[in-house]
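Tertiary structure, described
So you can see what is in the structure, the chains are spelled out below.
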Number of protein chains: 2
Amino acid sequence: MKPLLGANESHPAHIVNAHGSSPFVLICEHASNAVPEKLGDLGLSNEDRQRHIAWDIGAAGVSLGLSQLLDAPLIMQCYSRLVYDCNRPPESEGAMPVVSEVFTIPGNAQLSADDRLARTSGVYRPFMDAIQKLLDRRAAHGQRAIPVSIHSFTRVYRGQEREVELGLLFDRDDWLAQKLVGNFPGVNTQFNEPYGPQDGVMHLMNLIAAPRGLKHLMIEVRNDLITEEAGQKAWAERLAQALRKAVH
Amino acid sequence: MKPLLGANESHPAHIVNAHGSSPFVLICEHASNAVPEKLGDLGLSNEDRQRHIAWDIGAAGVSLGLSQLLDAPLIMQCYSRLVYDCNRPPESEGAMPVVSEVFTIPGNAQLSADDRLARTSGVYRPFMDAIQKLLDRRAAHGQRAIPVSIHSFTRVYRGQEREVELGLLFDRDDWLAQKLVGNFPGVNTQFNEPYGPQDGVMHLMNLIAAPRGLKHLMIEVRNDLITEEAGQKAWAERLAQALRKAVH
């Protein structure tokens, strides 16, 4: 099996502020729409690779803002979810999707076992390892860790408009969601919307947070609100304020 | 931080029959009572390091027998649970216990952050990585995987005698437990006895199996039944028969 990434390409986990003092550990697994050189353009146009199917539009900007405002470590995935969706296990069809929403991904059709393993070993596994190592270090130092992942979703999905603006997503652990929910006046805030655990979106948290007994949360912001830098900054401030309050 | 293991010491994961054809992937995280040279005897007598506190007596023998009978891969931990209990997360006090049952472990008292991290990075993390890599490979090949861990428990615990002989342990996924339960005539078989998810014993399965959507089970055999080789062989045969039947 040949490695997916070239020697000069980024490690899949980009860690910002690794030793941040905040109890929150931020994760943005859909931060980037980059595709490793070896995979070309995955058979997609430039335009399609800018769409939500490739990444969570605005999520990286919000995450970086939050990391700075909270002095929190942030782990960002450097490659597109079309290469490997780090919120899906290797067993899932969604990990290397052949179809995403209404788009077919030619570069993901007819992957061999070696192709699949190269994506898993090259992108998913080192990303998860980087998160686990950061959390291992905090555990050894008795430092609190509350993993929070930052996502965005499209306003219109398969022709249907979504009213929800902020989704607080959890499986068994609603602690942080309950703490936060009352702190967004004027924002349409919902639990487990527009997705929930039944859609398999709690994979990352069920892997890196729940088995450790760590409180955690997945946050979804509607992407029309954070497409531009101003919106990203405003939402980073809004979320930072609510998160700070939750742990006081 | 200095590494825990010397250059000539075993990797913490010993993999047997890595490419076995069975759908079952066997795991024995309490297989060994060995202590890395650097940690000496952990302040315990030879006798105490033979007790249940250090390992699951008989579990390695049953696991090896099962691996052979089923043609199943088996991943065994090479170091004592007193060094690091791989069925506990790094956040847990039980990961490097200062007290186990009624025994104090002098070598685990007053561990520094570096000591704790060396144990986690040296034993727990590479063991989990080895399991994940094996499962990643099976996923890439579309090969079924049903993780099953093999444990043993003491007949007398804190002065109380246990009647249960075989425990089938699960958290959310009772599929395999239900398939197996009727197949042990004359054996006192119980669900989630003598431990259950409320005791934190589903950590390994909640880490390596549940987030992947893999059916799984933790098996506990009372250790007086498998102390000797003959008992280990008989139980390996009994379990192999029931497991084979479950996937037919």
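Structural notes, computed from the coordinates. Just so it is clear, the model here is predicted, and its values are computed rather than measured.

**Details of the relation of the copies chain A and chain B**
For these two chains of identical sequence, chain A goes onto chain B by a turn of 180 degrees and a shift of 0.0 Å along the axis, with RMSD 0.0 Å. Taken together, these values place the two copies in the relation of a two-fold axis. In terms of C-alpha distance to the rotation axis, chain A has Leu207(A) as its closest residue, with the C-alpha 2.9 Å off the axis. Both copies present the same face, since 100% of the interface residues in chain A are matched by interface residues at the equivalent positions in chain B.

**A look at the nonpolar core**
One recurring pattern in soluble globular proteins is that nonpolar side chains are buried together. Ranked by internal contacts, the top residues of the largest apolar core, which has 88 residues, are Ile208(A) and Ile208(B). Those elements that place two or more of their residues in this core are strand S2 (24-28), helix H2 (113-140) and helix H4 (203-208) of chain A together with strand S2 (24-28), helix H2 (113-140) and helix H4 (203-208) of chain B. The residues touching Ile208(B), leaving out its near neighbours within four places in the chain, are Ile27(B), Met128(B), Ile131(B), Gln132(B), Leu135(B) and Pro147(B).

**Some thoughts on the pairing of strand S11 (residues 217-222) of chain A**
Residues and elements named next belong to chain A. Of all 6 residues in S11, 6 are buried, a share of seventy percent or more. Alternating positions in S11 separate into two faces, Leu217, Ile219 and Val221 on one and Met218, Glu220 and Arg222 on the other, with burial throughout. Bridge count between strand S6 (residues 146-153) and S11: 6 bridges; the pairing is parallel. Considered in S11, the bridge of valine 148 is made with leucine 217. Inspection of the sheet shows strand S9 (residues 166-169) paired to S11 by 4 bridges, in the antiparallel sense. Bridge pairing in S11 places leucine 169 opposite methionine 218.

**Focus: the interface of chain A and chain B**
With 24 residues of chain A in contact, the opposing surface of chain B contributes 24 residues. For the chain A and chain B pair, buried surface summed over both sides reaches about 2300 Å², with 55% attributable to carbon and sulfur atoms. Across the chain A-chain B interface, the total number found is 6 salt bridges. Put simply, Asp171(A) and Arg172(B) hold a salt bridge, and the shortest N to O gap is 2.9 Å. Our enumeration of links across chain A and chain B arrives at 8 residue pairs in polar contact (both at pLDDT 80 or more). Among the elements of the structure, H2 and H4 of chain A are those that each provide at least two residues to the side of chain A that touches chain B. If you tally residues by element for the side of chain A that touches chain B, the top one is H2(A), at 12 residues. For the side of chain A that touches chain B, a count of residues per class yields 10 nonpolar, 5 polar and 9 charged.

**Regarding the side chain of Arg49(B)**
Residues and elements named next belong to chain B. Within the secondary structure, arginine 49 sits in the loop between S2 and helix H1 (59-70). In this structure, arginine 49 is buried with no salt-bridge partner, the nearest side chain bearing the opposite charge being aspartate 41 at 4.8 Å. Once residues within four sequence positions are removed from consideration, arginine 49 is found in contact with Asn33, Val35, Asp41, Leu44, Ala54 and Trp55.

**Details of the sheet that holds S9(A)**
All names here are of chain A. Read across the sheet, 7 strands follow the order S1-S3-S2-S6-S11-S9-S10 without closing on themselves; strand pairing throughout is mixed. Two strands bound the open sheet, and with one partner strand each, they are strand S1 (13-16) and strand S10 (189-191). Each strand axis lies, on average, 20 degrees off the axis of its neighbour in the sheet, ignoring direction. Across the sheet, helix H1 (residues 59-70) lies against S1, S2, strand S3 (74-77) and S6, angled at about 165 degrees from S2, the strand it touches most. In this fold H2 packs onto S1, S2 and S3, with an angle of close to 175 degrees to the strand it touches most, S3.

**A look at the state of the cysteines**
Overall, the coordinates contain 0 disulfides over all chains when judged by the stated rule. No disulfide involves Cys86(A); its nearest neighbouring cysteine sulfur is the one of Cys78(A), lying 10 Å away. Assessed through its relative accessible area of 0%, Cys86(A) is described here as buried. The thiol of Cys28(B) is not disulfide-bonded; the next cysteine sulfur, from Cys78(B), is found 11 Å away. Using a relative accessible area of 0% as the deciding quantity, one classes Cys28(B) as buried.

**Description of the sheet that holds strand S1 (residues 13-16) of chain B**
Residues and elements named next belong to chain B. Here 7 strands make up an open sheet; going across it, the order is S1-S3-S2-S6-S11-S9-S10 and the pairing mixed. Looking at strand neighbours, the two that pair on one side only are S1 and strand S10 (189-191), the edges of this open sheet. The mean inter-strand angle of the sheet, taken between neighbouring strand axes irrespective of direction, is 20 degrees. Together, S1, S2, strand S3 (74-77) and strand S6 (146-153) form the strand contacts of H1, whose direction differs from that of S2 by roughly 165 degrees. Each of S2, strand S9 (166-169) and strand S11 (217-222) touches helix H5 (residues 229-246); the most contacted strand, S11, lies at about 150 degrees to it.

**Considerations on the packing of aromatic side chains**
All names here are of chain A. Taken as a whole and judged by the stated rule, the model has 4 aromatic pairs over all chains. Here the aromatic rings of phenylalanine 170 and phenylalanine 191 are separated by 5.4 Å at their centres, their planes lie at 75 degrees, and the arrangement is edge-to-face. You can see phenylalanine 170 sitting in the loop between S9 and helix H3 (175-180) and its partner phenylalanine 191 sitting in strand S10, a full 21 residues away along the chain. Accessibility expressed as a relative area gives 10% for phenylalanine 170, which makes it buried.

**Considering the pattern of salt bridges**
Across all of its chains, the model carries 18 salt bridges over all chains by this definition. Notably, a salt bridge pairs Asp56(A) with Arg81(A), separated by 2.5 Å at the nearest N-O pair. Of the two residues, Asp56(A) is situated in the loop between S2 and H1 and Arg81(A) in the loop between S3 and strand S4 (99-100); the sequence distance between them amounts to 25 residues. A relative accessible area of 2% means that Asp56(A) is categorised as buried. Within the structure, one salt-bridge network assembled from shared partners comprises Glu91(A), Arg125(A), Asp136(B) and Arg212(B).

Cut-offs used in this document
Residues numbered from 1 in each chain as written. Chains lettered and ligands numbered in written order. Predicted model: local features only at pLDDT ≥ 70, side-chain atom pairs only at ≥ 80, totals over all residues. Heavy atoms only, no water. Least-squares fit on C-alpha atoms with pLDDT ≥ 70 in both. Contact = heavy atoms within 4.5 Å. Core = buried A, V, L, I, M, F, W, Y, C linked by side-chain atoms within 4.5 Å. Buried < 20%, exposed > 50% of the residue type's maximum accessible area, 1.4 Å probe, protein only. Helix = DSSP H or I, 4+ residues; strand = E, 2+ residues; numbered from the N terminus. Pairing = 2+ DSSP bridges. Buried area = accessible area lost by both parts, 1.4 Å probe. Salt bridge = Lys/Arg side-chain N within 4 Å of Asp/Glu carboxyl O. Polar contact = N/O pair within 3.5 Å; in protein donor to acceptor, adjacent residues only side chain to side chain. Nonpolar A, V, L, I, M, F, W, Y, C, P; charged D, E, K, R; others polar. Lys, Arg positive; Asp, Glu negative; His and termini not counted. Axes fitted to C-alpha atoms, helices over the stretch in contact; angles between N-to-C directions. Disulfide = S-S within 2.5 Å. Phe/Tyr/Trp six-rings, centres within 6.5 Å; stacked < 30°, edge-to-face > 60°.

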